[in-house]
Amino acid sequence: MIIKWTAAAGLSAIILSGCSLLDEANNTLTYATDMTEFLNETQQFASDVPALLENAASNPDAIQDVQTQLESLQQDIDEVQQMEAPAVAEGVHDKLLDYSTQLESGVNDAMTKIENGVLDPTAIFENTELMQTVEELQQLRTNIEQLGQ
């Protein structure tokens, strides 16, 4: 009888640890997918904003489009900063958090410049901390994509 209970307890432990491993794998895959989506959004932002700024320089109504893009990126940054990383991704996540803080600072600077009437893409975006951080974030893409495999 004791052998049956011991065997049942051992089997239960194996099944539960297997579930834990499966949960960790699912969490890692979800994390990798969410972070890849964030990187795609930052890359799209970097592609779209310079043209939007040029348009806003001649069309004051387009300023709202730029501000909407910046606010959307700010929301994405907030979501990333709230995420919990699986254990396997902690190193990458720490870098991501550092970059997201820098990105947030760049977004705030861009918003301030726009509110002060500066619409020059070079002054707001090119060769700024904002663009440099977007590029650095893209360098993490390979590490994050490897998590999902």
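Calculation notes
- Residues numbered from 1 in each chain as written.
- Predicted model: local features only at pLDDT ≥ 70, side-chain atom pairs only at ≥ 80, totals over all residues.
- Heavy atoms only, no water.
- Helix = DSSP H or I, 4+ residues; strand = E, 2+ residues; numbered from the N terminus.
- Buried < 20%, exposed > 50% of the residue type's maximum accessible area, 1.4 Å probe, protein only.
- Areas by Shrake-Rupley, 256 points an atom, 1.4 Å probe, with all protein chains shown as cover.
- Expected span 1.5 Å × (residues − 1).
- Arc of directions from axis to C-beta.
- Core = buried A, V, L, I, M, F, W, Y, C linked by side-chain atoms within 4.5 Å.
- Contact = heavy atoms within 4.5 Å.

> So what about the overall build of the chain? Which residues, and what values?
Check the secondary structure of the chain and you find 6 helices and 0 strands. For the chain, the α and β elements follow one another from N to C terminus as α-α-α-α-α-α. Burial status across the chain gives 34% buried among its 149 residues. Put simply, the chain shows about 8900 Å² of open surface, and 51% of that area lies on carbon and sulfur atoms.

> Describe helix α2 (residues 63-82), naming the residues involved and giving the relevant values.
For α2, built from 20 residues, the straight-helix expectation of 28 Å at 1.5 Å per residue is met to within 8% by its first-to-last C-alpha distance of 29 Å. For α2, every residue scored as buried is listed here: Val66, Leu70, Leu73, Gln74, Asp76, Ile77 and Val80. All buried residues of α2 project into a common sector of 165° when viewed along the axis, lining one side. Exposed residues on α2 whose side chains face more than 90 degrees from its buried face are Gln75, Glu79 and Gln82.

> Lay out the nonpolar core in plain terms, naming residues and giving numbers.
Ranked by size, the top nonpolar core spans 34 residues in total, and within it Leu70, Leu96, Leu103, Leu137 and Ile144 carry the most contacts. Counting residues per element, the ones that place at least two in this core are α1 (2-58), α2, α3 (90-115) and α5 (129-139). The leading source of residues in this core is α1, at 11 residues. Among all residues touching Leu137, those that are not within four sequence positions of it are Phe38, Leu39, Thr42, Leu96, Tyr99 and Leu103.

> I'd love a proper account of α3, names of residues and values included.
Over its 26 residues, α3 runs 37 Å from end to end, which matches the ideal 38 Å to within 8%, given 1.5 Å per residue. Of all the residues in α3, the buried ones are Val92, His93, Leu96, Tyr99, Ser100, Leu103, Gly106, Val107, Ala110, Met111 and Ile114. Two residues or fewer past α3, Gly117 is found with a positive phi of approximately 90°.

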